[in-house]
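What follows is the residue order along each chain.
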Amino acid sequence: MESGWPAGGERLIMRGRRQLWAMAGLGALLALSACGDAPVAPPPKVERPAGETLRVTAQSITDTKAVGAEITTRDQAEALTRIPGILTQLTVREGDSVAKGQRIGMVVDNRLGYESAAFGAQIAAAQAEAARAEAELGRVRFLYQKNVYAKARLDQAVAAARAANAQVTAARAQQGAVTSVAGQGAILVPTAGRVLRADVPQGSAVSAGMSVATITAGPPVVRLDLPESLAGKVRIGALITLDDAELPSGSHQGQVVQVYPAITGGRVRVDATVPGLASTAIGRRVSARVAVGERSALVIPRRFVSTRYGMDFVEVMARGGAVSSVPVQLAPTGSADTVEVLSGLVAGDTLFAASARP
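Quantities reported herein were computed from a predicted structural model and do not represent experimental measurements.

Examining the nonpolar core
Here comes step 1: One finds Leu 224, Ile 240 and Val 290 to be the most contacted residues of the largest nonpolar core, which totals 25 residues.
Here comes step 2: Broken down by element, this core gets its largest block of residues, five residues, from strand 13 (residues 285-301).
Here comes step 3: Here Val 290 is in contact with Asp 63, Thr 64, Lys 65, Val 67, Leu 224, Leu 226, Val 234, Leu 239, Ile 240 and Val 256, once residues within four sequence places are set aside.
Here comes step 4: Among the nonpolar cores identified, the runner-up in size contains 21 residues, and Ala 77, Ile 83, Val 212 and Ala 213 belong to it.

Focus on the pairing of strand 2 (residues 58-80)
Here comes step 1: Looking at chain direction, strand 2 and strand 13 are connected through 13 bridges and run antiparallel. Within the sheet, the bridge partner assigned to Glu 70 lies in strand 13 and is Arg 285.

Things to note about the pairing of strand 18 (residues 350-354)
Here comes step 1: Across five bridges, strand 1 (residues 51-55) lies against strand 18 in antiparallel orientation. Across the sheet, the residue bridging to Gly 51 is Ala 354, located in strand 18.
Here comes step 2: Where strand 15 (residues 311-317) lies against strand 18, three bridges are found, and the strand directions are antiparallel. Paired with Glu 315 across the two strands is Phe 352, which belongs to strand 18.

Re the sheet that holds strand 8 (residues 205-206)
Here comes step 1: Pairing is antiparallel in the open sheet, where four strands are placed in the order 6-5-3-8. Of all the strands in the sheet, the pair left with one neighbour each is strand 6 (186-188) and strand 8.
Here comes step 2: Note that strand 3 (residues 85-90) and strand 5 (residues 103-108) share four bridges and pair antiparallel. The residue of strand 5 that forms the bridge with Leu 90 is Gly 105.

Thoughts on helix 3 (residues 151-183)
Given 3.6 residues per helical turn, the α-helix brings residues three or four places apart onto the same face.
Here comes step 1: Here helix 3 spans 48 Å end to end across 33 residues, near enough to the 48 Å set by a 1.5 Å rise per residue.
Here comes step 2: Listed in full, the buried residues belonging to helix 3 are Leu 154, Ala 157, Ala 161, Ala 164, Val 168, Ala 171 and Val 178.
Here comes step 3: Packing partners of the buried residues in helix 3 comprise helix 2 (110-145).

Looking at the packing of aromatic side chains
Here comes step 1: A full pass over the atoms with the stated rule returns zero aromatic pairs.
Here comes step 2: When the ring centre of Tyr 260 is taken as origin, the NZ or CZ atom of Arg 269, which lies over that ring, is 4.0 Å away.

Describing the packing of helix 2 against helix 3
Here comes step 1: Where helix 2 meets helix 3, the axes come as close as 8 Å, and the angle between the chain directions of the two elements is 165 degrees. Judged by the angle between their axes, helix 2 and helix 3 are roughly antiparallel. Crossing geometry of helix 2 relative to helix 3 is assigned as left-handed.
Here comes step 2: The residue makeup of the contact of helix 2 with helix 3, split by class, is 20 nonpolar, nine polar and eight charged.

As for helix 2
Here comes step 1: Its 36 residues give helix 2 an end-to-end C-alpha distance of 53 Å, which sits within 8% of 52 Å, the value for a rise of 1.5 Å per residue.
Here comes step 2: Within helix 2, the full set of buried residues consists of Leu 112, Ser 116, Phe 119, Ile 123, Ala 126, Ala 130, Ala 133, Leu 137 and Val 140.

Topic: unusual backbone geometry
Here comes step 1: In this model, Asn 147 sits at a positive phi of 65 degrees, which is unusual for a non-glycine residue.
Here comes step 2: One can find Asn 147 in the loop between helix 2 and helix 3.
Here comes step 3: Despite not being glycine, Tyr 309 shows a phi value in the positive range, around 55 degrees.
Here comes step 4: Locating Tyr 309 in the fold gives a position in the loop between strand 14 (305-308) and strand 15.
Here comes step 5: On the basis of relative accessibility, which here comes to 84%, the residue Tyr 309 falls in the exposed class.

A few points about the side chain of Thr 216
Here comes step 1: Mapping Thr 216 onto the fold places it in strand 9 (residues 211-227).
Here comes step 2: Of the polar contacts made by the side chain of Thr 216, one reaches the backbone nitrogen of Arg 194; its length is 2.8 Å.
Here comes step 3: Setting aside residues up to four positions removed in sequence, Thr 216 forms contacts with Thr 73, Asp 75, Thr 191, Ala 192, Gly 193, Arg 194, Leu 196 and Ile 282.

A closer look at the pattern of salt bridges
Here comes step 1: This structure, assessed with the given rule, holds 13 salt bridges.
Here comes step 2: Note that Glu 70 is salt-bridged to Arg 285, the shortest N-O span being 3.8 Å. Here Glu 70, found in strand 2, pairs with Arg 285, found in strand 13; they are 215 residues apart in sequence, far enough to count as distant.
Here comes step 3: Residue class for Glu 70 comes out partly exposed when judged on its relative accessible area of 28%.
Here comes step 4: For Arg 285, a relative accessible area of 54% puts it in the exposed group.
Here comes step 5: With its nearest N and O atoms 2.6 Å apart, the salt bridge here joins Arg 132 to Glu 129. With a gap of three residues between them, Arg 132 and Glu 129 both fall in helix 2, about one helical turn apart.
Here comes step 6: Residue Arg 132 is classed as partly exposed on the basis of its relative accessible area of 46%.
Here comes step 7: Taken together, the salt bridges that share partners define one network made up of Asp 63, Arg 295 and Glu 340.

Here is what the cut-offs are and how they apply
- Residues numbered from 1 in each chain as written.
- Predicted model: local features only at pLDDT ≥ 70, side-chain atom pairs only at ≥ 80, totals over all residues.
- Heavy atoms only, no water.
- Core = buried A, V, L, I, M, F, W, Y, C linked by side-chain atoms within 4.5 Å.
- Buried < 20%, exposed > 50% of the residue type's maximum accessible area, 1.4 Å probe, protein only.
- Helix = DSSP H or I, 4+ residues; strand = E, 2+ residues; numbered from the N terminus.
- Contact = heavy atoms within 4.5 Å.
- Pairing = 2+ DSSP bridges.
- Expected span 1.5 Å × (residues − 1).
- Phe/Tyr/Trp six-rings, centres within 6.5 Å; stacked < 30°, edge-to-face > 60°.
- Lys NZ or Arg CZ within 6 Å of the ring centre and 35° of its normal.
- Axes fitted to C-alpha atoms, helices over the stretch in contact; angles between N-to-C directions.
- Parallel < 35°, antiparallel > 145°, perpendicular 65-115°, else oblique.
- Left-handed = near helix turned anticlockwise from the far one by under 90°.
- Nonpolar A, V, L, I, M, F, W, Y, C, P; charged D, E, K, R; others polar.
- Polar contact = N/O pair within 3.5 Å; in protein donor to acceptor, adjacent residues only side chain to side chain.
- Salt bridge = Lys/Arg side-chain N within 4 Å of Asp/Glu carboxyl O.

All we've got here are geometric facts, nothing functional implied.
Have a look at this one:
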């Protein structure tokens, strides 16, 4: 094929193209060499405000469990009725202070009055019989002295007079027993304390041994109701904390003083003493935390925690100094200055708190 170009012109064009390719390759090599020799720029330095840092470490803390509790007394005395009848009088109400031996109520049994009247009639009849026997004894003795009656007749009259007098004594004893039983209708306080319960209304029919009032006995204690799984973990001397803002400021911490060995309905009863508890708080239900051992946990000061939009955050510092906010889940530790981190951090993390934060 004929191209229309002379053969020498085609050679010139091809030579020019080869020169252009060579110059382009040389420029690329020079650019690569320039890039390899240039120094790499360091990353920009992160500026952070002045503040406090803390390295998170695992530590051993006291493990606590939340349980229900009641403020009560070590012992409770019951004011019981001693005879059946009608409760005609009850002079105390819940919260009243009472003294040992104080009469707080009265039970009356009308049958005792009828029995006392019947025994009174028996006494009168016995006294009349005794008077007749004494008179008969006097006549027999006179005639015996005149040798009219024999000695056996005198002995018979003496025995009859003694029997009549014994009947009088027996009737009087029976009447005294009825009077004594009627006197047992008084309801007495077994011990000094405060009335916790007195809910039997006047006019009620009561039986012997029925409780009409409950009285405190002894100093106030906190009675814990624990599941049986914690029976072997709670020891005497273990710390308890009451979560009740209405109690006095010095009445929130105490120690376990007694662990009852019996398990009833899957529950274990534990008594603890808390200083400053008043008798006016008897019967109040409170929430408590009791120590059941030790465990490893991440504990940090509360000042490193900030709350935004209802969530808790901490500032975690990276190796390069950059600080980022990390959400965390917290739990109380029993101290107002520290919190336990349940999730969001691991041992070895570095926390940051700006100086401006209170």
